[in-house]
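# Structural overview for review
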Amino acid sequence: MTNSATLFATIFLIALGVSVALHLWLASRQVRHVQLHRAAVPPHFAGRVSLEAHRKAADYTAARARLSIVDALVDAGVLLALTTGGGVAILAAWIASAPIGALGQDVALVVAVASIGGLVALPLSWYRTFVIEQRFGFNRMTLRLWLIDLAKGALIGAALGIPLLTLVLWLMARAGSLWWFYAWVAWIAFQLLVLALYPMLIAPLFNKFEPLTDAGIRDRIERLLERCKFAAKGLFVMDGSKRSSHGNAYFTGFGAARRIVFFDTLLSRLHVDEVEAVLAHELGHFKLRHVLKRTAWFAAGSLAVLALLGWLVGQPWFYAGLGVPGPAPRYGVALVLFMLALPVFTFLAAPLASLYSRKHEFEADAYAARNASPSALVAALVKLYEDNASTLTPDPLHSAFYDSHPPASIRLARLAQLAA
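The following refers to the structure shown. (Residues numbered from 1 in each chain as written. Predicted model: local features only at pLDDT ≥ 70, side-chain atom pairs only at ≥ 80, totals over all residues. Heavy atoms only, no water.)

## Considering the sheet that holds strand 2 (residues 234–238)
Inclusion rule: At least two bridges found by DSSP between two strands are what make those strands a pair. Each helix corresponds to a stretch of at least 4 residues labelled H or I by DSSP, and each strand to a stretch of at least 2 residues labelled E; elements are numbered beginning at the N terminus. Under this scheme, a helix contributes an axis fitted over its contacting stretch, all axes are lines through C-alpha atoms, and angles between N-to-C directions fall in the 0 to 180 degree range. For this analysis, residues touch if any pair of their heavy atoms sits within 4.5 Å.
Read from one edge of the open sheet, 4 strands run 1-2-4-3, paired in mixed fashion. Both outer strands of the open sheet, strand 1 (209–211) and strand 3 (249–252), are each paired with one neighbouring strand and no more. On average, adjacent strands in this sheet sit at an angle of 35 degrees to one another, irrespective of strand direction. Those strands touched by helix 7 (residues 215–227) are strand 1, strand 2 and strand 4 (259–263), and its axis lies near 135 degrees from that of strand 2.

See the structure below:
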């Protein structure tokens, strides 16, 4: 191994060690912090959240954090086995003996590595659903439905992902030094395609969507939409209760084809003014161009990442440093190694993404307070925190890394100021 490859391998292993150690430390802090504050409801929530619900949230949060420790260790083990352990090299050599062309071999390698990752994740996914979610009363899935969802997800992923993967690998081999730019264009087009297909073709494969029939809620929402000058193609209720008791609401689609979707569990729990306030918050994300801004950042980040890959493809030390020595370029190997290694080096940027997301959440809350009732939004959030067993006392550092929404106490305090 050359000096450059040795140096890169060392940097990779150090970065992996730091990221795993940091994850374990943050998860341990989260467990200690929520358990330390388990005995009493925070003063700001006294009289709103029961002690029983608060303790349930603490135990649920701790259980999920402990599972994330196992998840991180398993992921690190698989990553080491595939890279410096020689797993990708073995797979590449084995696939190279298959009687298919170079492009087919590259596609097969990427699919094989992705399949290994998915299979390794299955036991923890099962445990999360049928042990943790079951223990705390959230899971409503049967094993049959879980397996059907897995099969559907795999088939949809293959139907959409393999053609895109084939195109990207073909561009890497045939489109010259600017292949990464053409691949970026294809990637953005793919994202738009999925966004267009999701509400009409993909989502109905997993859930039933029925028009919102409650006249009181529909009238209140339509007046809110008119007030906010927001066009939507329809208001729908999704049978989220067949999988989980967690509640939510979201927008899907784009342009005039946007749909507003409510989980049936959400509508069963909130009053009309609370549903309006939650929707006003979601509208705020659109009216304040948060979706457009995040999409722009995603596009810019994707372009930078693909440009980096475009350079690494021709660097022998990149392959050798990650356990696949030999000449460059090898497009399937490069793509696999890059996808495996990139999260190790981007983990420390997580707090910046969380901070940016929280800024948008505060802005959307302010928008909701101007266009609906801030007190109703507070009431809705308290119910959602309680129903979803969201801890009211997260560890500040853990929250800074992982939480896209502000901690409950800070968020409600700001809303209280807006309502004053």
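The structure having been displayed, the exposition proceeds.
## Looking at helix 7
Quick note on the threshold: The span one expects for a helix is its residue count, reduced by one, times 1.5 Å. Burial status follows relative accessibility: with a 1.4 Å probe on protein chains alone, a residue under 20% of its type maximum counts as buried, one over 50% as exposed, and anything between as partly exposed. Along the arc lie the directions from the helix axis toward the C-beta atoms.
Spanning 13 residues, helix 7 covers 18 Å between terminal C-alpha atoms, matching the ideal 18 Å at 1.5 Å per step. All of the buried residues along helix 7 are I217, I221, L224 and L225. The buried side chains of helix 7 occupy one side of the element, clustering within an arc of 100 degrees when seen end-on. Set apart from the buried face of helix 7 by more than 90 degrees, the exposed residues are A215 and E226. Buried residues in helix 7 make contact with strand 2, strand 4, helix 8 (264–267), helix 9 (272–287) and helix 13 (350–371). Phi turns positive one or two residues past the end of helix 7, at K229, with a value near 55 degrees.

## Here we look at the packing of helix 6 (residues 179–202) against helix 10 (residues 290–312)
We apply this condition: Two helices crossing with the near one rotated counterclockwise from the far one by less than a right angle form a left-handed crossing, whereas a clockwise rotation gives a right-handed crossing. Side-chain classes are defined by residue name, with Ala, Val, Leu, Ile, Met, Phe, Trp, Tyr, Cys and Pro counting as nonpolar, Asp, Glu, Lys and Arg as charged, and the others, Gly among them, as polar.
For the pair helix 6 and helix 10, the least separation of the axes is 9 Å and the interaxial angle reads 145 degrees. You can see that helix 6 and helix 10 cross each other, and the crossing is right-handed. Residues W179, W180, F181, A183, W184, W187, I188 and Q191 of helix 6 touch helix 10, and the partners they reach there are F298, A299, S302, L303, L306, A307, L309 and G310. A breakdown of the residues in the contact of helix 6 with helix 10 according to their chemical character gives 13 nonpolar, 3 polar and no charged.

## Concerning the environment of G104
If you trace the backbone, G104 turns up in helix 4 (residues 102–135). Residue G104 is classed as partly exposed on the basis of its relative accessible area, which comes to 31%. As for G104 and T166, which are separated by 62 residues in sequence, their C-alpha atoms are 8.1 Å apart.

## So, the packing of aromatic side chains
The cut-off we apply is this: Only centres within 6.5 Å qualify two rings of Phe, Tyr or Trp (six-membered ring in Trp) as a pair; their planes then separate them into stacked at under 30 degrees, edge-to-face at over 60, and tilted for everything else. We call a charge positioned above a ring when the Lys NZ or Arg CZ atom is no farther than 6 Å from the ring centre and deviates by at most 35 degrees from the ring normal.
Per the counting criterion, the structure on display carries 20 aromatic pairs. Within the aromatic cluster, the residues linked to one another by ring pairs are F8, F12, W311, W317, F318, Y319 and F345. Residue placement shows K56 over the ring face of F138; its charged tip is 4.7 Å from the ring centre. Here K152 stacks its cationic end above the ring of F206, 5.8 Å away from the centre of that ring.

## Things to note about the side chain of S357
As for its placement among the helices and strands, S357 is situated in helix 13. Contacts of S357, omitting those with residues within four sequence positions, involve R294 and S404.

## Thoughts on the nonpolar core
Put simply, the rule reads: As used in this record, nonpolar core signifies buried Ala, Val, Leu, Ile, Met, Phe, Trp, Tyr and Cys residues forming a set joined through side-chain atoms within 4.5 Å.
If you look at the biggest cluster of nonpolar residues, it comprises 48 residues, and the most contacted ones within it are F45, L212, I221, F262, L279 and L283. Sorting elements by how many residues they give to this core places helix 14 (residues 374–387) first, with 8 residues. With near-sequence residues (within four places) excluded, L283 lies in contact with L224, L225, C228, F230, F251 and Y367. If you look at the next biggest cluster of nonpolar residues, it comprises 45 residues, including V110, L164, A183 and V333.

## Looking at empty space enclosed by the protein
Quick reminder of the rule: For each structure, a 1 Å grid was placed over the protein atoms alone; sets of points admitting a 1.4 Å probe that cannot get out are labelled cavities, open sets with protein on both sides within 12 Å along at least five of seven lines are labelled pockets, and lining residues have an atom within 4 Å of a point. Grid points are joined across faces, edges and corners, and a volume is the space filled by probe spheres set on the points.
In total, this model carries 1 cavity of 30 Å³ or more according to the counting rule given. The calculated volume of the largest cavity comes to roughly 40 Å³. Contributing elements (two or more residues each) for the lining of the largest cavity: helix 2 (51–82) and helix 14. With 3 residues, helix 2 is the single largest residue contributor to the lining of the largest cavity. Per-class residue counts for the lining of the largest cavity are 6 nonpolar, 2 polar and 1 charged.

## Quick notes on the layout of surface pockets
Put simply, the second largest pocket is a space of about 1,300 Å³. For the lining of the second largest pocket, the leading source of residues is helix 5 (residues 143–174), giving 10 residues. When the residues that make up the lining of the second largest pocket are grouped by side-chain class, the tally is 32 nonpolar, 8 polar and no charged.

## Brief notes about the pattern of salt bridges
In plain terms, the rule: Criterion for a salt bridge: a side-chain nitrogen of Lys or Arg within 4 Å of a carboxyl oxygen of Asp or Glu.
What the rule picks out here adds up to 15 salt bridges. For R220, the salt bridge is made with E276, and the minimal N-O distance between the two is 3.1 Å. With a gap of 56 residues between them, R220 in helix 7 and E276 in helix 9 connect regions that are remote in the sequence. A salt bridge links E274 to K383, with the nearest nitrogen and oxygen atoms 2.9 Å apart. Within this pair, whereas E274 is found in helix 9, its partner K383 is found in helix 14, the two being separated by 109 residues in sequence. Considered together, E274 and K383 belong to a single accessibility category, that of buried residues. Connected via shared salt-bridge partners are R220, R227 and E276.

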